[in-house]
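What follows is each chain in one-letter form.
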Amino acid sequence: MNLRNRTVLITGGATGIGLALAKRFALSGNKVIICGRREERLEAARRELPSVITIHADIASEDDRLRLFQTVVSNHPEIDVLVNNAGIQNRPPPVNEPQDFKAYQREITTNLEAPVHLSLLFVKHLTQKHDAAIMNITSGLAFSPLAFMPMYCATKAALHSFTLSLRHQLRDTSVRVVEIIPPKVQTDLGGVGLHDDGVPLEDFADHAWRQLSLGSEEFGFGFSERNRLASREVLDQVFATLNPK
Ligand SMILES: NC(=O)c1ccc[n+]([C@@H]2O[C@H](COP(=O)([O-])OP(=O)(O)OC[C@H]3O[C@@H](n4cnc5c(N)ncnc54)[C@H](OP(=O)(O)O)[C@@H]3O)[C@@H](O)[C@H]2O)c1
């Protein structure tokens, strides 16, 4: 895939995996637009990458998604890559204990509804380009869940499924549909320190950049690469290891 002279929108691009991809796009001569909710994180990203354009937007809000779409296509009509990266991860109490269902809903809205809606909003615009892409960030946990965060894993499994269908439906268009499947990566996802035993962020981002440049449409790294390709039998073993009795 050509990774130069593109205009890229990365949701949640001010931190973690999104920021690591934003850096690589920006340093390779692409115009990069990022969005997020925390103004101070957007500002910090601007300080680090002065060319990056930031938009304050909460993708869990349908109004904000519509505003984000309108703002981007009006001000940057050449946009040709959408990266659905923003996500949240909750660790709710066991399902037979009192629950905050709204936390489940926020995960569904942020991790599934938003990337689906943004894909649908942008797809017509992208199909008019000579060469375009939608990239969805799922997870190795889409294939074998960690049972103590059931909704997070289910949203990623659903986004994986949606991505397969999106790719199939767009197969005869100029839009490539890419699924990036991270393993546990050292970011602040779900809270500071919870992912410190993951793979180093720069290692994962370098691998992702290489795979994107090679034109891979679906790829993981380490654990998630093995999960992505595993048989049901192996996934059952992975489930048992991840979720001891
Ligand atoms: N790290 C891992 O181990 C891992 C593994 C598999 C998959 N992933 C996926 O990788 C993606 C990036 O996560 P990360 O690990 O880089 O964690 P992260 O640093 O917490 O990044 C998540 C980003 O999403 C943004 N975001 C969350 N909710 C949002 C909303 N409603 N509207 C706009 N932006 C929102 C956050 O910014 P604000 O809070 O400022 O809005 C943040 O910049 C996620 O989809 C995650 O599920 C991560």
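A few points on the structure. (Residues numbered from 1 in each chain as written. Predicted model: local features only at pLDDT ≥ 70, side-chain atom pairs only at ≥ 80, totals over all residues. Heavy atoms only, no water.)

Contact geometry for helix H3 (residues 62–75) and helix H4 (residues 101–127): axes closest at 10 Å, N-to-C directions at 35°. Crossing geometry of H3 relative to H4 is assigned as right-handed. Residues Glu62, Arg65, Leu66, Leu68, Phe69, Val72 and Val73 of H3 lie in contact with H4, whose contacting residues are Thr109, Glu113, Ala114, His117, Leu118, Leu121, Phe122 and His125. Here the contact of H3 with H4 is composed, by residue class, of nine nonpolar, three polar and three charged. (Axes fitted to C-alpha atoms, helices over the stretch in contact; angles between N-to-C directions. Helix = DSSP H or I, 4+ residues; strand = E, 2+ residues; numbered from the N terminus. Left-handed = near helix turned anticlockwise from the far one by under 90°. Contact = heavy atoms within 4.5 Å. Nonpolar A, V, L, I, M, F, W, Y, C, P; charged D, E, K, R; others polar.)

Around the ligand, the structure places 28 residues, and the nearest of them are Thr15, Asp58, Asn85, Tyr152 and Thr187. Within the backbone of Gly12, one N or O atom sits 3.3 Å away from an oxygen atom of the ligand. Asn85 places a polar main-chain atom, nitrogen or oxygen, 2.7 Å from an oxygen atom of the ligand. Considered on its own, the ligand offers 870 Å² of accessible surface; in the complex 95% of this is hidden by protein. (Near = heavy atom within 4 Å. Polar contact = N/O pair within 3.5 Å; in protein donor to acceptor, adjacent residues only side chain to side chain. Areas by Shrake-Rupley, 256 points an atom, 1.4 Å probe, with all protein chains shown as cover.)

The next thing to look at is the sheet that holds strand E2 (residues 31–36). Pairing is parallel across the open sheet formed by seven strands, whose spatial order is E3-E2-E1-E4-E5-E6-E7. Each edge of the open sheet is held by one strand with a lone partner, namely strand E3 (53–56) and strand E7 (218–219). Taken together, the five bridges between strand E1 (residues 7–11) and E2 define a ladder with parallel strand orientation. Paired with Ile10 across the strands is Ile34, a residue of E2. Lying over the sheet, helix H2 (residues 39–48) contacts E2 and E3, oriented at roughly 175° with respect to E3. Taken strand by strand, H4 contacts E1, strand E4 (81–84), strand E5 (132–137) and strand E6 (175–180), and its axis lies near 170° from that of E4. (Pairing = 2+ DSSP bridges.)

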